[in-house]
Amino acid sequence: MQHSLIMDDVPISKPFFLRLENAFLLASTNDFIEILSAYDNLEQELVSWCNFKGEKFISKTKLKNCYAYQLRKDSAARFLHFNHDLSLAPDEIGLAPQGVRPEIASPNYHFELNNKDEMWSKNLAGIYEDSKNSQWNATKDIDWQEIPNYPTKLEFAIAQIMTYLVENEFSALYIPAKFLSQVSPFFTQIPLLLSSIIGDEARHIETFTKRAKATGLGVLYSTKTTQQSLFSLFKEDNYLASSFLLHIMGEGTFIDLLKFLEDCAKDEPTKKLLNLARKDESRHVAYGMSNVKAAIAQNPNKINILKDAVFRRQIYLDETSGESTLLIESLAIFAGGGESIAHFKDGFEQVENLKKQMEKNRTKRLVECGIDEELARDLSRAHTPNFM
């Protein structure tokens, strides 16, 4: 292939050689570079440059209005080209997105998450687009001034529930953030989606904190049982297992909780913020399910990784904690609508029914991912009693 480089009256100078250097940089081996110049005395400099660079000076020709100097690229191509369908990200990609041609000898960032099969989801693009179209503003989109005051015990229950939600959202923020810098940008859509998930969780943290503060109490107590449950989730270092535990087992259960809270809430602003957060979380669950489903379809043995992660977590939590009694009482008071014995008993029954529905829905999600129903039930029952 031949490339023309029109220099016109540009003399031998730094700009001249900059353009020449770039013409050879982008050319393939054995390509010809034709320099069209108004000067007839460039041959000696071009021969010297070619000898120094490992290229070949071919000829000089006088044309009607200029001189043509023909050179050939003998050196190796400087840029690499990769197939878009690769399952393993190339080490040489650096911080460039898929489709870029990196120059040879660029730094290797040693991204640990470079296997497409561990992270990919067929609906990545759709989930990311929905994330962009569904953004909301916790300050402007919630009528905070419309939230009424409730009796003391009910106010306490609401603030305690919001405290629990904030803790869980920090977990859901930090876990994808932990993995984000390990993902090769060759799979560009994955870090973009993880970033959108992180943004969602940050908004939820802001929203639930504001709701706790809306009537003056603010965030309240963080129990050891909740902290231990979330820590067992945070310390999982396998991406696929973490996606499974967080997005399917955890956030899948979390959207059931948010729907329950939305249905029990007595004021519209609280209902709205819970509804908006639940819609965000549903996207995260959709990614996790598609991710895990694809991984299992590719290699059914991946189920063993997921099973091991669930039961290791169960063993840890069985040794250290049960459910958060403070949370359960707050949920019962909130669901019952008050602190009287009648309200509490009614609310407690609703919470017990919620747990059963959570387990049923978890099992259904696991089966949808390609897990045998009997194992799905075992995994669902082994999930932390602290929901996330």
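Caption draft 1: Structural view of the overall build of the protein. Helices and strands together make up the secondary structure of the protein, namely 13 helices and four strands. Residues classed as buried in the protein amount to 48% of the 388 residues present. Relative to all contacts within the protein whose residues are 6 or more apart in sequence, the contacts with residues 24 or more apart total 77%. For the protein, the accessible area works out to roughly 18,700 Å², and carbon and sulfur atoms hold 52% of it. Placing the 44 positive and 53 negative side-chain charges of the protein at their respective mean positions leaves the two points 2 Å apart.

Caption draft 2: Region of interest: the pattern of salt bridges. On inspection of all chains with the given rule, the structure shows 22 salt bridges. Here E118 ties to K302 by a salt bridge, and the two come within 2.3 Å at their closest N and O atoms. In this pair, E118 sits in helix 3 (residues 116–119) while K302 sits in helix 10 (residues 302–320), placing the two residues 184 residues apart along the sequence. Here E118 and K302 have matching classes, each one buried.

Caption draft 3: Fine view of the nonpolar core. Ranked by size, the top nonpolar core spans 88 residues in total, and within it L165, F244 and L257 carry the most contacts. With 15 residues, helix 8 (residues 239–264) is the single largest residue contributor to this core. With residues near it in sequence (within four places) discarded, L165 still touches F208, F254, L257, L258, L261 and L274. Counting 16 residues, the second largest nonpolar core, distinct from the first, contains L5, L20, F24 and C50.

Caption draft 4: Spatial organisation of the packing of helix 8 against helix 12 (residues 341–368). Helix 12 packs onto helix 8 with a crossing angle of 140 degrees between their chain directions and a minimal axis gap of 10 Å. Viewed along their axes, helix 8 and helix 12 form a crossing whose handedness is right-handed. Only Q350, V351, L354, Q357, M358, N361, R362, R365 and L366 of helix 12 make contact with helix 8, whose side of the interface consists of F244, I248, M249, G252, T253, I255, D256, L257, F260 and C264. Tallied by class, residues from the contact of helix 8 with helix 12 come to 11 nonpolar, five polar and three charged.

Caption draft 5: Just the sheet that holds strand 4 (residues 67–72), in detail. Strands sit in the order 1-2-4-3 across an open sheet of four strands; the sheet is mixed. The sheet is open, and its two edges are formed by strand 1 (2–8) and strand 3 (56–62), each paired on a single side. For this sheet, the mean angle separating the axes of adjacent strands, direction not counted, is 20 degrees. In this structure, strand 1 lies alongside strand 2 (residues 32–37), joined through six bridges in parallel fashion. Within strand 2, the position partnered with Q2 by the bridge is F32. Sheet strands touched by helix 1 (residues 14–26): strand 1, strand 2 and strand 4. Its angle to strand 1, the strand with the most contacts, is close to 170 degrees. On the sheet, helix 2 (residues 43–53) packs against strand 2, strand 3 and strand 4 and is oriented at approximately 160 degrees with respect to strand 3.

Caption draft 6: Representation of the state of the cysteines in the model. Applying the stated criterion across every chain, the model contains zero disulfides. Summary of cysteine pairing: C50 is not part of a disulfide, and the nearest cysteine sulfur, belonging to C66, is at 18 Å.

Caption draft 7: Quick look at helix 1. Here helix 1 spans 18 Å end to end across 13 residues, near enough to the 18 Å set by a 1.5 Å rise per residue. What helix 1 keeps buried is the set F16, L20, F24 and L25. What you see down the axis of helix 1 is that its buried residues fit within an arc of 165 degrees, all on one side. Residues K14, P15 and L26 are exposed on helix 1 and point more than 90 degrees away from its buried face. Where the residues of helix 1 are buried, they touch strand 1, strand 2, helix 2 and strand 4.

Scoring rules and cut-offs
Residues numbered from 1 in each chain as written. Predicted model: local features only at pLDDT ≥ 70, side-chain atom pairs only at ≥ 80, totals over all residues. Heavy atoms only, no water. Helix = DSSP H or I, 4+ residues; strand = E, 2+ residues; numbered from the N terminus. Buried < 20%, exposed > 50% of the residue type's maximum accessible area, 1.4 Å probe, protein only. Contact = heavy atoms within 4.5 Å. Areas by Shrake-Rupley, 256 points an atom, 1.4 Å probe, with all protein chains shown as cover. Lys, Arg positive; Asp, Glu negative; His and termini not counted. Charge placed at Lys NZ, Arg CZ, Asp CG, Glu CD. Salt bridge = Lys/Arg side-chain N within 4 Å of Asp/Glu carboxyl O. Core = buried A, V, L, I, M, F, W, Y, C linked by side-chain atoms within 4.5 Å. Axes fitted to C-alpha atoms, helices over the stretch in contact; angles between N-to-C directions. Left-handed = near helix turned anticlockwise from the far one by under 90°. Nonpolar A, V, L, I, M, F, W, Y, C, P; charged D, E, K, R; others polar. Pairing = 2+ DSSP bridges. Disulfide = S-S within 2.5 Å. Expected span 1.5 Å × (residues − 1). Arc of directions from axis to C-beta.

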